[in-house]
Amino acid sequence: MVKKTMRPPKYQLIAVDIAERIVENRYRVGDKLYARSTLASTYGVSPETARKAISVLVDLDIVEVKHGSGAFISSKEKAQEFIELYQDVSTIQDIKTDILSSVTKQQEELVNLTNLLDRLVDQTKHANRLNLFTPFELTLTKEAEHLKQTVKDINFWQQTGATIIAIQQQKDLILSPGPYAVLEEGDTVFFIGNELSYQRVQNLFYPKTNENKEK
């Protein structure tokens, strides 16, 4: 984003500079200002811009134009008032610029935070999808329920929402054991599912243990 800087018009800056010279007594009341062409050359602007600067000073009663003679300094007090007013307005403008800059930064930070949150959500979803294919495992001890029963007999999938992908029986690893595999003491059951499925499998084989944990 390109930061835009607000600047006063050149004729206003010239008027301020002349007023400061008056306050600093470099121009005194009664002194004649240079001609427009000279002012234009001094400040590197067009004669029209120099004319506008003089017009500002005339409107504020800092300079008086005498027809046929030129422009003369008429009030140091008015020049001082103009400088103070200009400084106050500049301060307000600076504060406004700082506020707008701060708001812009906050908006950019909010956009950045939103993007980070979107990335976090996407990564979380991706991790959850991967987790579905990372098997859990549970070893059946002699305290386990449903020993000597088949996977079909205990309605494993219907009760847990998990799918058994392998059973380790002593030294043998049985892949895709199917519904008629008999579960024995010492078997390690490998299954896939989510965290809720894992809890349900534990509850299926060790219901009393989980009840005691809840108590």
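Each residue is numbered by its place in its chain's sequence as written, counting from 1. Totals for whole chains, interfaces and linings use every residue, but because this is a predicted model, local features are given only for residues with pLDDT of at least 70 and side-chain atom pairs only at 80 or more, for both listing and counting. As a rule here, side-chain values cover all heavy atoms of the structure and leave hydrogens and water aside.

Naming follows an unreviewed UniProt entry, where the protein appears as GntR family transcriptional regulator of Vagococcus humatus.

## Brief notes about the sheet that holds strand 3 (residues 136-139)
Paired through their backbone hydrogen bonds, the strands of a sheet run either parallel or antiparallel. Defined as follows: At least two DSSP bridges between two strands are needed for those strands to be called paired. Helix and strand assignments follow DSSP, with helices taken as H or I runs no shorter than four residues and strands as E runs no shorter than two, numbered in order from the N terminus. Helix axes use the C-alpha atoms of the stretch in contact, all axes being lines fitted to C-alpha atoms, and the angles between their N-to-C directions lie in the range 0 to 180 degrees.
The strand order across the open sheet built from four strands is 3-6-4-5, with neighbouring strands paired in antiparallel fashion. Pairing within the sheet leaves two strands with one partner each, and these edge strands are strand 3 and strand 5 (172-175). When the angles between neighbouring strand axes are averaged without regard to direction, this sheet yields 20°. Note that strand 4 (residues 163-169) and strand 6 (residues 188-192) share five bridges and pair antiparallel.

## Describing a negative patch on the surface
Under the convention used in this document: Residues enter patches when they are more than 30% accessible in relative terms and free of salt bridges; like-charged ones are connected within 9 Å and nonpolar ones (Val, Leu, Ile, Met, Phe, Trp, Tyr) within 5 Å. To measure how exposed things are, a 1.4 Å probe is used in the Shrake-Rupley method; for residues, cover is taken only from the protein chains shown. Salt bridge, as used here: a side-chain nitrogen of Lys or Arg that lies within 4 Å of a carboxyl oxygen of Asp or Glu. Counting rule for charge: Lys and Arg are taken as positive, Asp and Glu as negative, and neither His nor the chain ends is counted. Working definition for charges: the position is that of NZ of Lys, CZ of Arg, CG of Asp or CD of Glu.
Where like charges cluster on the molecular surface, the negative patch consists of Glu77, Glu81, Glu84 and Asp88. You can see Asp88 is positioned in helix 4 (residues 76-131).

## Digging into the packing of helix 2 (residues 36-43) against helix 3 (residues 47-59)
For any two helices packed against each other, one specifies the inter-axial angle together with the distance between the axes. Counted only if it meets this: Orientation is classified from the angle alone, with under 35 degrees giving roughly parallel, over 145 giving roughly antiparallel, 65 to 115 giving roughly perpendicular, and any other angle giving oblique. In what follows, a contact means two residues having at least one pair of non-hydrogen atoms within 4.5 Å. Polarity classes work like this: nonpolar for Ala, Val, Leu, Ile, Met, Phe, Trp, Tyr, Cys and Pro, charged for Asp, Glu, Lys and Arg, and polar for all others, with Gly in that last group.
Running from N to C, helix 2 and helix 3 cross one another at 105°; their axes reach a closest spacing of 8 Å. When the axes of helix 2 and helix 3 are compared, the pair comes out roughly perpendicular. Facing helix 2, whose interface residues are Arg36, Leu39 and Ala40, helix 3 presents Pro47, Ala50, Arg51 and Ile54. Class assignment for the residues of the contact of helix 2 with helix 3 results in five nonpolar, no polar and two charged.

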